[in-house]
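Coordinate analysis (summary)
Next come the chains, spelled out residue by residue.
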Amino acid sequence: MDFKKIKLVLGREFAIRVKKKSFIITTIVTPILFAALMIVPSLIMMADLDKEVNSIMVVDDSGIVAASLESGSDIEYIISDNPDMEYLKRNLDSLGVYAVMHVSALDSANNVTVDAYAPKQINAKVSDAIASDVNDIIERYKLQQYDIDNFEEIMADLDHEVDVNTFIVSDDGQERKSLLFINMALSFIMGFVIYMFVTMFGNMVMTSVINEKSNKIVEVIVSSVKPFDLMIGKILGVASVALTQFFIWIILTMAIFFGFQLVMGSELAGDPAAMEQMTQMAGMGTDQMTQIAQASDSEMAQIFTALKEINFTLIIGCFLIYFVLGYLLYASMFAAIGSAVDNEADTQQLVLPVTIPLLIGLLLMLQAFQNPDSSLSFWGSIIPFTSPMVMLARIPFEGCVQTWELLLSIGLLLLTFLIVVYFSGKIYRIGILMHGTKYSWKDLWKWLKY
């Protein structure tokens, strides 16, 4: 290999891509989209505070449901003075309510049916809320029929939810609290980002090779640069573009996200009316809001404590290693495929065997972030063609990946890349000079023997 020429090709590939309008646009737009994924849920929650309370008029033939219905932040129940359902259905528009709800009489099993009528389609949230409220009332009524002593005290005592606290115990017996959802979020995000980036930038290499081959530019280039050096330089050039773009995305995404938090936080803090509206909409008193605020502060403190305990140095380091090696492995295969065709339409039959391992890795990643200790997750993180996604899905779970597993996975991935790039180079040096014919895997196998 001629490293000087590889460096020249690398610099050329980098310069060509960073000067393109598409690079500039995607570099700016993508962080906005990433930030939107984090910001939009917050905006939806804030907008939900201003939602309109749905008024439901109730006609109760059971004699037990209406008296026990309690209005909440989503639904306001109004008991109808007129039991004539036919009249109410004919005058839905003039009643000024979202819907009219009819509760049937109790049957022999003390069950009821509920029919709801509205001028437009009743949304799922209202329908589920009505069903839940009525089910709770009927269940409570049935239990009361057993004439149980101290029934109210027993029901109050049963109304309890169990919280499971998870702790990690070190070898010396020290324990510290962990939050599973943080590990799962990191696991999913890193595995999916690796899949997305490897696919995106691998295809970029293939497209570049096809364009240079179809424009006959490559014939001029190979007169002064060996095909293998050209392929390596092209792969590394796109890799440098990918890493540059990735770091810019991270910086801009975080800047947009934290800037949004500062702006929205100051607006809410400086708007007492908004805070008062939030309290009223929640239907809570000052003491209740204080308790919730204290609980929220406690939860935030636990989240920050758990985040501090995460070894981000290891996670970021592993992310970069697996991103680079995973990209190099697949980019070398994409480059070989690009050299064997004259246009992108001819790549379909050749690119499928390359994309299938990527898809398998994505599916294994979805399983690994839920069960990182399973045998399937272990082997998925060792096999080189799936390890970039699966291993990154396991790493955030402390204690799940042993040092020897990590070293073995990286070593096999590096070794596989060297083998694949060697054979890809043999295909590349012949394929880039071949024109006018569609080639199959059988032809590529012949080229490997030259």
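Before any of the text, the structure's been laid out above.
Heads up: these notes are all about the structure in this document. (Residues numbered from 1 in each chain as written. Predicted model: local features only at pLDDT ≥ 70, side-chain atom pairs only at ≥ 80, totals over all residues. Heavy atoms only, no water.)

Focus: the pattern of salt bridges
Applying the stated criterion across every chain, the model contains 2 salt bridges. The closest approach of N and O atoms between Glu86 and Lys89, which form a salt bridge, is 3.3 Å. Separated by 3 residues within a single helix, Glu86 and Lys89 lie in helix H4 (residues 85–90), roughly one turn from each other. Judged by its relative accessible area of 46%, Glu86 falls in the partly exposed class. Looking at Lys89, the relative accessible area reads 28%, which means it is partly exposed. A salt bridge links Arg394 to Glu405, with the nearest nitrogen and oxygen atoms 3.1 Å apart. Pair noted here: Arg394 is in helix H16 (residues 387–394) and Glu405 is in helix H17 (residues 403–431), with a separation of 11 residues, a long-range link. For Arg394, a relative accessible area of 2% gives the class buried. Note on Glu405: relative accessible area 7%, which makes it buried. (Salt bridge = Lys/Arg side-chain N within 4 Å of Asp/Glu carboxyl O. Helix = DSSP H or I, 4+ residues; strand = E, 2+ residues; numbered from the N terminus. Buried < 20%, exposed > 50% of the residue type's maximum accessible area, 1.4 Å probe, protein only.)

Concerning the packing of aromatic side chains
All told, the structure shown has 10 aromatic pairs when counted by the stated rule. Pairing Phe197 with Phe201 gives two aromatic rings, centres 5.8 Å apart and planes at 90°, and the pair type is edge-to-face. Here the residue Phe197 and the residue Phe201 both occupy positions in helix H8 (residues 180–214), the gap between them amounting to 4 residues, near one helical turn. For Phe201, a relative accessible area of 0% corresponds to the buried category. Through a chain of ring-to-ring contacts, the aromatic side chains of Phe197, Phe201, Phe319, Phe323 and Tyr327 assemble into a single cluster. (Phe/Tyr/Trp six-rings, centres within 6.5 Å; stacked < 30°, edge-to-face > 60°.)

Here we look at a nonpolar patch on the surface
A cluster of nonpolar residues, Ile24, Ile25, Ile28, Val29, Ile32, Leu33, Ile248, Leu252 and Ile256, forms a patch on the protein surface that exposes about 730 Å² of accessible area. Where the nonpolar patch is concerned, the elements lending two or more residues are helix H2 (21–48) and helix H10 (227–269). (Patch = residues over 30% accessible without salt bridge, like charges linked within 9 Å, V, L, I, M, F, W, Y side chains within 5 Å. Areas by Shrake-Rupley, 256 points an atom, 1.4 Å probe, with all protein chains shown as cover.)

A few points about the nonpolar core
Val205, Ile235, Phe319, Tyr322, Tyr327, Tyr330 and Leu392 are the most contacted members of the largest nonpolar core, which totals 73 residues. Considering every element that reaches this core, the biggest residue donor is helix H13 (residues 312–339), with 16 residues. Contacts of Phe319, omitting those with residues within four sequence positions, involve Met190, Val193, Ile194, Phe246 and Leu392. Within the second largest apolar cluster, 19 residues are counted, among which are Ile75, Ala99, Met101 and Val126. (Core = buried A, V, L, I, M, F, W, Y, C linked by side-chain atoms within 4.5 Å. Contact = heavy atoms within 4.5 Å.)

As for the sheet that holds strand S2 (residues 75–79)
If you trace the 4 strands from one edge of the open sheet to the other, you get S2-S1-S3-S4, paired in mixed fashion. Edge strands, defined here as strands with exactly one partner in the open sheet, are S2 and strand S4 (114–117). Strand-to-strand twist across the sheet, computed as the mean angle between neighbouring axes with direction ignored, equals 25°. Pairing analysis gives 5 bridges linking strand S1 (residues 54–60) to S2, with the strands arranged parallel. Residue pairing across strands places Met57 opposite Ile78, the latter belonging to S2. On the sheet, helix H6 (residues 124–144) packs against S1, S2, strand S3 (99–103) and S4 and is oriented at approximately 60° with respect to S2. (Pairing = 2+ DSSP bridges. Axes fitted to C-alpha atoms, helices over the stretch in contact; angles between N-to-C directions.)

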